[in-house]
Amino acid sequence: AKEKGGSNYQLFNSQMKSASLEKLTLEQELRRALSRSELLLHYQPQMDIETQRIVGFEALVRWKHPERGLVPPGQFIPFAEECGLIVPIGEWVLSEACRQNKEWQDAGYEPPPVSVNLSTRQFLQHNLTGRVAEVLQQTGLAPSQLELEITESCTMEVEYATEQMLELKQLGVKISIDDFGTGYSSLSYLKKFPIDKLKIDQSFVRDIMTDPNDAAIVASIIAMTGHLSLKVIAEGVETEEQLQFLHRNQCDEIQGYYFSPPLSIDKVEQLLKGRLP
Ligand code: C2E
Ligand code: CA
Ligand code: CA
Ligand code: CA
(Lines give C-alpha, C1' and ligand atoms only; values in the text may rest on other atoms or scores of the structure.)
(Ligands and ions follow the chains in the order given, each with its own letter.)
Protein backbone atom coordinates (compact mmCIF):
# COMPACT_ATOMS: atom_id res chain seq x y z
CA ALA A 1 0.00 0.00 0.00
CA LYS A 2 2.87 2.22 0.87
CA GLU A 3 4.54 1.59 -2.46
CA LYS A 4 1.28 2.20 -4.30
CA GLY A 5 0.89 5.49 -2.49
CA GLY A 6 4.42 6.39 -3.44
CA SER A 7 3.91 5.72 -7.12
CA ASN A 8 0.64 7.58 -7.10
CA TYR A 9 2.44 10.49 -5.66
CA GLN A 10 5.09 10.22 -8.37
CA LEU A 11 2.45 10.15 -11.07
CA PHE A 12 0.61 13.08 -9.56
CA ASN A 13 3.83 14.99 -9.25
CA SER A 14 4.93 14.44 -12.85
CA GLN A 15 1.46 15.37 -14.12
CA MET A 16 1.63 18.56 -12.16
CA LYS A 17 5.06 19.24 -13.56
CA SER A 18 3.94 18.90 -17.16
CA ALA A 19 0.81 20.93 -16.50
CA SER A 20 2.83 23.72 -15.01
CA LEU A 21 5.36 23.47 -17.80
CA GLU A 22 2.53 23.83 -20.30
CA LYS A 23 1.27 26.87 -18.43
CA LEU A 24 4.72 28.39 -18.35
CA THR A 25 5.01 27.97 -22.10
CA LEU A 26 1.56 29.45 -22.67
CA GLU A 27 2.42 32.37 -20.42
CA GLN A 28 5.65 33.04 -22.31
CA GLU A 29 3.83 32.76 -25.63
CA LEU A 30 1.13 35.17 -24.47
CA ARG A 31 3.75 37.68 -23.35
CA ARG A 32 5.32 37.39 -26.78
CA ALA A 33 1.89 37.82 -28.37
CA LEU A 34 1.49 41.11 -26.52
CA SER A 35 4.93 42.45 -27.35
CA ARG A 36 4.82 41.34 -31.00
CA SER A 37 1.26 42.49 -31.68
CA GLU A 38 -0.14 39.02 -32.38
CA LEU A 39 -3.51 40.00 -30.90
CA LEU A 40 -6.29 41.43 -33.02
CA LEU A 41 -9.92 42.36 -32.67
CA HIS A 42 -13.02 41.18 -34.45
CA TYR A 43 -16.28 43.07 -34.02
CA GLN A 44 -19.79 41.67 -33.74
CA PRO A 45 -22.65 44.02 -34.67
CA GLN A 46 -25.53 44.61 -32.27
CA MET A 47 -28.87 45.38 -33.88
CA ASP A 48 -31.87 47.39 -32.73
CA ILE A 49 -34.85 45.02 -33.04
CA GLU A 50 -37.29 47.77 -34.01
CA THR A 51 -35.26 49.76 -36.53
CA GLN A 52 -32.96 46.89 -37.64
CA ARG A 53 -30.07 49.32 -37.50
CA ILE A 54 -26.62 48.58 -36.11
CA VAL A 55 -26.40 50.24 -32.71
CA GLY A 56 -23.13 48.79 -31.44
CA PHE A 57 -20.10 46.63 -32.05
CA GLU A 58 -18.65 44.26 -29.47
CA ALA A 59 -14.87 43.97 -29.63
CA LEU A 60 -13.78 40.31 -29.34
CA VAL A 61 -10.10 39.47 -29.10
CA ARG A 62 -8.32 36.81 -31.20
CA TRP A 63 -4.73 35.61 -31.15
CA LYS A 64 -2.97 35.26 -34.47
CA HIS A 65 -0.57 32.55 -33.38
CA PRO A 66 2.41 31.98 -35.72
CA GLU A 67 1.90 28.18 -35.77
CA ARG A 68 -1.60 27.60 -34.49
CA GLY A 69 -3.43 30.16 -36.62
CA LEU A 70 -6.32 32.26 -35.32
CA VAL A 71 -6.90 31.19 -31.71
CA PRO A 72 -10.32 32.01 -30.20
CA PRO A 73 -10.46 33.79 -26.82
CA GLY A 74 -11.89 30.75 -25.05
CA GLN A 75 -8.49 29.11 -25.49
CA PHE A 76 -6.42 31.80 -23.80
CA ILE A 77 -8.55 34.35 -21.91
CA PRO A 78 -9.36 32.01 -18.98
CA PHE A 79 -5.64 31.26 -18.61
CA ALA A 80 -4.76 34.95 -18.94
CA GLU A 81 -7.25 35.65 -16.14
CA GLU A 82 -5.56 33.02 -13.98
CA CYS A 83 -2.00 34.27 -14.48
CA GLY A 84 -2.81 37.98 -14.44
CA LEU A 85 -1.88 38.69 -18.07
CA ILE A 86 -5.52 39.62 -18.61
CA VAL A 87 -4.72 43.08 -17.26
CA PRO A 88 -2.21 44.08 -19.98
CA ILE A 89 -4.23 42.16 -22.60
CA GLY A 90 -7.41 43.94 -21.52
CA GLU A 91 -5.67 47.31 -21.66
CA TRP A 92 -4.49 46.57 -25.17
CA VAL A 93 -8.04 45.60 -26.19
CA LEU A 94 -9.47 48.77 -24.65
CA SER A 95 -7.05 51.13 -26.32
CA GLU A 96 -7.16 49.32 -29.68
CA ALA A 97 -10.98 49.33 -29.71
CA CYS A 98 -11.05 53.06 -28.90
CA ARG A 99 -8.35 53.86 -31.45
CA GLN A 100 -10.18 51.92 -34.16
CA ASN A 101 -13.54 53.52 -33.41
CA LYS A 102 -12.00 56.99 -33.60
CA GLU A 103 -10.27 56.08 -36.88
CA TRP A 104 -13.63 55.02 -38.34
CA GLN A 105 -15.17 58.27 -37.13
CA ASP A 106 -12.39 60.29 -38.72
CA ALA A 107 -12.88 58.38 -41.97
CA GLY A 108 -16.53 59.44 -41.98
CA TYR A 109 -17.98 55.97 -41.34
CA GLU A 110 -20.15 57.13 -38.44
CA PRO A 111 -19.51 53.99 -36.38
CA PRO A 112 -21.84 53.08 -33.52
CA PRO A 113 -20.33 52.85 -30.01
CA VAL A 114 -17.93 50.00 -29.25
CA SER A 115 -18.40 47.55 -26.37
CA VAL A 116 -15.31 46.24 -24.62
CA ASN A 117 -15.22 43.25 -22.26
CA LEU A 118 -13.65 43.96 -18.88
CA SER A 119 -12.46 41.00 -16.83
CA THR A 120 -13.11 41.02 -13.09
CA ARG A 121 -9.44 41.67 -12.34
CA GLN A 122 -9.50 44.75 -14.53
CA PHE A 123 -12.73 45.99 -13.01
CA LEU A 124 -11.35 45.62 -9.48
CA GLN A 125 -8.23 47.71 -10.25
CA HIS A 126 -8.08 50.83 -8.16
CA ASN A 127 -7.03 53.16 -10.96
CA LEU A 128 -9.49 51.75 -13.53
CA THR A 129 -11.36 55.00 -14.20
CA GLY A 130 -8.07 56.85 -14.52
CA ARG A 131 -6.81 54.27 -17.03
CA VAL A 132 -10.01 54.47 -19.07
CA ALA A 133 -9.89 58.28 -19.01
CA GLU A 134 -6.28 58.17 -20.20
CA VAL A 135 -7.13 55.87 -23.12
CA LEU A 136 -10.04 58.10 -24.16
CA GLN A 137 -7.80 61.13 -23.99
CA GLN A 138 -4.96 59.49 -25.93
CA THR A 139 -7.26 58.20 -28.67
CA GLY A 140 -9.54 61.23 -28.75
CA LEU A 141 -12.64 59.05 -28.53
CA ALA A 142 -15.74 60.54 -26.90
CA PRO A 143 -16.73 58.65 -23.71
CA SER A 144 -20.25 58.21 -25.10
CA GLN A 145 -18.74 55.99 -27.85
CA LEU A 146 -17.53 53.46 -25.26
CA GLU A 147 -19.46 50.79 -23.41
CA LEU A 148 -17.83 48.50 -20.86
CA GLU A 149 -19.16 44.97 -20.38
CA ILE A 150 -18.70 43.58 -16.90
CA THR A 151 -19.96 40.29 -15.48
CA GLU A 152 -21.93 39.57 -12.36
CA SER A 153 -18.77 38.38 -10.61
CA CYS A 154 -17.56 42.00 -10.65
CA THR A 155 -20.45 42.92 -8.38
CA MET A 156 -19.66 40.63 -5.45
CA GLU A 157 -18.38 43.49 -3.31
CA VAL A 158 -21.46 45.62 -3.67
CA GLU A 159 -20.14 48.86 -2.17
CA TYR A 160 -16.87 48.82 -4.06
CA ALA A 161 -18.55 47.82 -7.33
CA THR A 162 -21.06 50.66 -6.98
CA GLU A 163 -18.23 53.14 -6.41
CA GLN A 164 -16.29 51.90 -9.45
CA MET A 165 -19.40 52.09 -11.62
CA LEU A 166 -20.30 55.58 -10.43
CA GLU A 167 -16.80 56.80 -11.29
CA LEU A 168 -17.02 55.28 -14.75
CA LYS A 169 -20.49 56.73 -15.28
CA GLN A 170 -19.23 60.17 -14.27
CA LEU A 171 -16.62 59.80 -16.98
CA GLY A 172 -19.48 59.33 -19.44
CA VAL A 173 -18.98 55.72 -20.53
CA LYS A 174 -21.82 53.18 -20.55
CA ILE A 175 -21.88 50.01 -18.49
CA SER A 176 -23.59 46.72 -19.29
CA ILE A 177 -23.83 43.46 -17.38
CA ASP A 178 -22.64 40.62 -19.61
CA ASP A 179 -23.77 36.97 -19.47
CA PHE A 180 -26.69 38.08 -17.32
CA GLY A 181 -28.42 35.24 -15.51
CA THR A 182 -25.40 32.96 -15.22
CA GLY A 183 -24.07 34.58 -12.04
CA TYR A 184 -25.57 34.98 -8.62
CA SER A 185 -26.03 38.71 -8.37
CA SER A 186 -28.90 39.72 -6.20
CA LEU A 187 -31.74 41.31 -8.11
CA SER A 188 -32.22 43.90 -5.37
CA TYR A 189 -28.80 45.37 -6.18
CA LEU A 190 -29.58 45.73 -9.85
CA LYS A 191 -31.53 48.89 -9.28
CA LYS A 192 -28.72 50.27 -7.12
CA PHE A 193 -26.01 49.85 -9.75
CA PRO A 194 -25.68 52.70 -12.25
CA ILE A 195 -25.84 50.36 -15.24
CA ASP A 196 -27.30 51.01 -18.67
CA LYS A 197 -27.94 47.58 -20.10
CA LEU A 198 -28.31 43.87 -19.39
CA LYS A 199 -27.03 41.30 -21.85
CA ILE A 200 -29.09 38.12 -21.55
CA ASP A 201 -26.71 35.19 -21.74
CA GLN A 202 -26.88 33.03 -24.84
CA SER A 203 -27.45 29.88 -22.78
CA PHE A 204 -31.00 31.14 -22.05
CA VAL A 205 -31.64 32.37 -25.57
CA ARG A 206 -30.51 29.13 -27.27
CA ASP A 207 -33.60 27.09 -26.33
CA ILE A 208 -36.35 29.70 -26.00
CA MET A 209 -38.36 28.02 -28.77
CA THR A 210 -38.23 24.55 -27.20
CA ASP A 211 -37.79 25.05 -23.46
CA PRO A 212 -40.70 26.84 -21.73
CA ASN A 213 -38.49 27.52 -18.69
CA ASP A 214 -35.91 29.38 -20.75
CA ALA A 215 -38.66 31.25 -22.56
CA ALA A 216 -40.12 32.31 -19.20
CA ILE A 217 -36.72 33.36 -17.85
CA VAL A 218 -35.95 35.47 -20.91
CA ALA A 219 -39.40 37.05 -20.93
CA SER A 220 -39.10 37.93 -17.22
CA ILE A 221 -35.62 39.41 -17.58
CA ILE A 222 -36.90 41.61 -20.39
CA ALA A 223 -39.98 42.65 -18.38
CA MET A 224 -37.80 43.44 -15.37
CA THR A 225 -35.44 45.63 -17.39
CA GLY A 226 -38.48 47.55 -18.58
CA HIS A 227 -39.50 48.27 -14.99
CA LEU A 228 -35.96 49.31 -14.08
CA SER A 229 -35.58 51.45 -17.24
CA LEU A 230 -32.57 49.45 -18.38
CA LYS A 231 -31.83 48.54 -21.97
CA VAL A 232 -31.73 44.84 -22.73
CA ILE A 233 -29.94 42.89 -25.43
CA ALA A 234 -30.23 39.17 -26.17
CA GLU A 235 -27.03 37.34 -27.09
CA GLY A 236 -26.65 34.27 -29.29
CA VAL A 237 -29.70 34.94 -31.46
CA GLU A 238 -29.43 32.50 -34.36
CA THR A 239 -32.91 32.16 -35.88
CA GLU A 240 -35.82 34.20 -37.18
CA GLU A 241 -38.10 32.48 -34.62
CA GLN A 242 -35.90 33.59 -31.74
CA LEU A 243 -35.90 37.11 -33.14
CA GLN A 244 -39.70 37.11 -33.37
CA PHE A 245 -40.03 35.84 -29.80
CA LEU A 246 -37.70 38.57 -28.55
CA HIS A 247 -39.52 41.20 -30.58
CA ARG A 248 -42.92 40.11 -29.18
CA ASN A 249 -41.48 40.34 -25.69
CA GLN A 250 -40.10 43.82 -26.35
CA CYS A 251 -36.41 43.13 -26.17
CA ASP A 252 -34.49 46.21 -27.34
CA GLU A 253 -31.52 44.73 -29.18
CA ILE A 254 -30.07 41.48 -30.47
CA GLN A 255 -26.61 40.12 -31.11
CA GLY A 256 -25.92 36.79 -32.77
CA TYR A 257 -25.22 34.76 -35.89
CA TYR A 258 -28.74 35.47 -37.19
CA PHE A 259 -27.66 39.01 -37.90
CA SER A 260 -23.88 38.59 -38.11
CA PRO A 261 -20.94 36.67 -36.63
CA PRO A 262 -17.97 38.65 -35.31
CA LEU A 263 -16.34 40.33 -38.33
CA SER A 264 -12.79 41.16 -39.35
CA ILE A 265 -11.83 44.82 -39.77
CA ASP A 266 -12.26 44.62 -43.58
CA LYS A 267 -15.78 43.26 -43.26
CA VAL A 268 -16.75 45.86 -40.65
CA GLU A 269 -15.56 48.58 -42.99
CA GLN A 270 -17.62 47.12 -45.85
CA LEU A 271 -20.64 47.03 -43.58
CA LEU A 272 -20.11 50.62 -42.40
CA LYS A 273 -19.58 51.89 -45.95
CA GLY A 274 -22.72 50.08 -47.12
CA ARG A 275 -24.93 51.81 -44.61
CA LEU A 276 -23.81 55.32 -45.54
CA PRO A 277 -26.15 57.21 -47.86
P1 C2E B 1 -18.89 36.96 -24.65
O2 C2E B 1 -18.44 38.26 -24.13
O3 C2E B 1 -20.17 36.40 -24.08
O4 C2E B 1 -18.97 37.12 -26.23
C5 C2E B 1 -19.92 36.50 -27.05
C6 C2E B 1 -19.40 35.21 -27.63
O7 C2E B 1 -20.47 34.53 -28.26
C8 C2E B 1 -18.35 35.42 -28.75
O9 C2E B 1 -17.44 34.33 -28.72
C10 C2E B 1 -19.21 35.33 -30.00
O11 C2E B 1 -18.49 34.94 -31.16
C12 C2E B 1 -20.19 34.26 -29.61
N13 C2E B 1 -21.43 34.36 -30.36
C14 C2E B 1 -21.97 35.48 -30.91
N15 C2E B 1 -23.14 35.22 -31.51
C16 C2E B 1 -23.36 33.90 -31.35
C17 C2E B 1 -24.43 33.02 -31.76
O18 C2E B 1 -25.42 33.41 -32.40
N19 C2E B 1 -24.32 31.72 -31.39
C20 C2E B 1 -23.27 31.25 -30.67
N21 C2E B 1 -23.24 29.96 -30.35
N22 C2E B 1 -22.24 32.05 -30.27
C23 C2E B 1 -22.29 33.37 -30.61
P24 C2E B 1 -15.87 34.56 -28.73
O25 C2E B 1 -15.49 35.70 -29.63
O26 C2E B 1 -15.25 33.22 -28.96
O27 C2E B 1 -15.58 35.03 -27.24
C28 C2E B 1 -15.78 34.18 -26.16
C29 C2E B 1 -15.61 34.87 -24.84
O30 C2E B 1 -14.25 35.29 -24.65
C31 C2E B 1 -16.43 36.15 -24.71
O32 C2E B 1 -17.76 35.83 -24.40
C33 C2E B 1 -15.71 36.82 -23.56
O34 C2E B 1 -16.11 36.27 -22.33
C35 C2E B 1 -14.27 36.43 -23.82
N36 C2E B 1 -13.58 37.55 -24.48
C37 C2E B 1 -13.47 37.85 -25.80
N38 C2E B 1 -12.75 38.96 -25.99
C39 C2E B 1 -12.39 39.41 -24.75
C40 C2E B 1 -11.65 40.54 -24.27
O41 C2E B 1 -11.16 41.40 -25.02
N42 C2E B 1 -11.50 40.65 -22.91
C43 C2E B 1 -12.05 39.74 -22.05
N44 C2E B 1 -11.87 39.91 -20.72
N45 C2E B 1 -12.75 38.67 -22.47
C46 C2E B 1 -12.94 38.52 -23.80
CA1 CA C 1 -19.26 40.25 -23.84
CA1 CA D 1 -21.91 37.46 -23.16
CA1 CA E 1 -19.93 34.30 -22.29
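Residues numbered from 1 in each chain as written. Chains lettered and ligands numbered in written order. Predicted model: local features only at pLDDT ≥ 70, side-chain atom pairs only at ≥ 80, totals over all residues. Heavy atoms only, no water.

*Asks:* Sorry if this is basic, but what is going on with the coordination of the calcium ion (ligand 4) here?
*Replies:* Every protein donor of the calcium ion (ligand 4) is accounted for by Asp179 (OD) and Asp179 (OD), and the metal-donor separations fall at 2.9 to 3.1 Å. Separating the calcium ion (ligand 4) from the calcium ion (ligand 3) is a gap of 3.8 Å, which Asp179 spans by donating to each of them. On the secondary structure map, Asp179 appears in strand 6 (residues 174-180). (Donors = N, O, S within 2.8 Å, 3.2 Å for Na, K, Ca; no water. Helix = DSSP H or I, 4+ residues; strand = E, 2+ residues; numbered from the N terminus.)

*Asks:* Explain unusual backbone geometry here, please?
*Replies:* Note: most residues except glycine have negative phi, and most peptide bonds are trans. Phi is positive for Gln52, which is not a glycine, with a value near 60°. By secondary structure assignment, the location of Gln52 is in the loop between strand 1 (39-48) and strand 2 (54-65). In this structure, Asp179 is a non-glycine residue whose phi angle is positive, near 50°.

*Asks:* Got a minute to help me understand the site of ligand 1 in this structure?
*Replies:* Every one of the 21 residues lining ligand 1 counts as a neighbour, but Gln44, Arg62, Gln202, Glu238 and Tyr257 are closest to it. With respect to ligand 1, the side chain of Glu58 contributes an N or O atom lying 3.2 Å from an oxygen atom. One nitrogen or oxygen atom from the main chain of Tyr257 is found 2.8 Å from an oxygen atom belonging to ligand 1. Notes on ligand 1: free accessible area 810 Å², of which the protein chains cover 81%. For the shell around ligand 1, the element with the highest residue contribution is strand 2, accounting for four residues. Counted by class, the shell around ligand 1 contains nine nonpolar, six polar and six charged residues. (Near = heavy atom within 4 Å. Polar contact = N/O pair within 3.5 Å; in protein donor to acceptor, adjacent residues only side chain to side chain. Areas by Shrake-Rupley, 256 points an atom, 1.4 Å probe, with all protein chains shown as cover. Nonpolar A, V, L, I, M, F, W, Y, C, P; charged D, E, K, R; others polar.)

*Asks:* Can you help me understand the packing of aromatic side chains in this one?
*Replies:* The relation between two aromatic rings is expressed through the spacing of the ring centres and the mutual angle of the planes. Inspection of the entire model under this criterion finds four aromatic pairs. Ring geometry for Tyr43 and Phe57: centres 6.3 Å apart, planes at 75°, overall edge-to-face. Pair noted here: Tyr43 is in strand 1 and Phe57 is in strand 2, with a separation of 14 residues, a long-range link. You can call Tyr43 buried: its relative accessible area is 1%. (Phe/Tyr/Trp six-rings, centres within 6.5 Å; stacked < 30°, edge-to-face > 60°. Buried < 20%, exposed > 50% of the residue type's maximum accessible area, 1.4 Å probe, protein only.)

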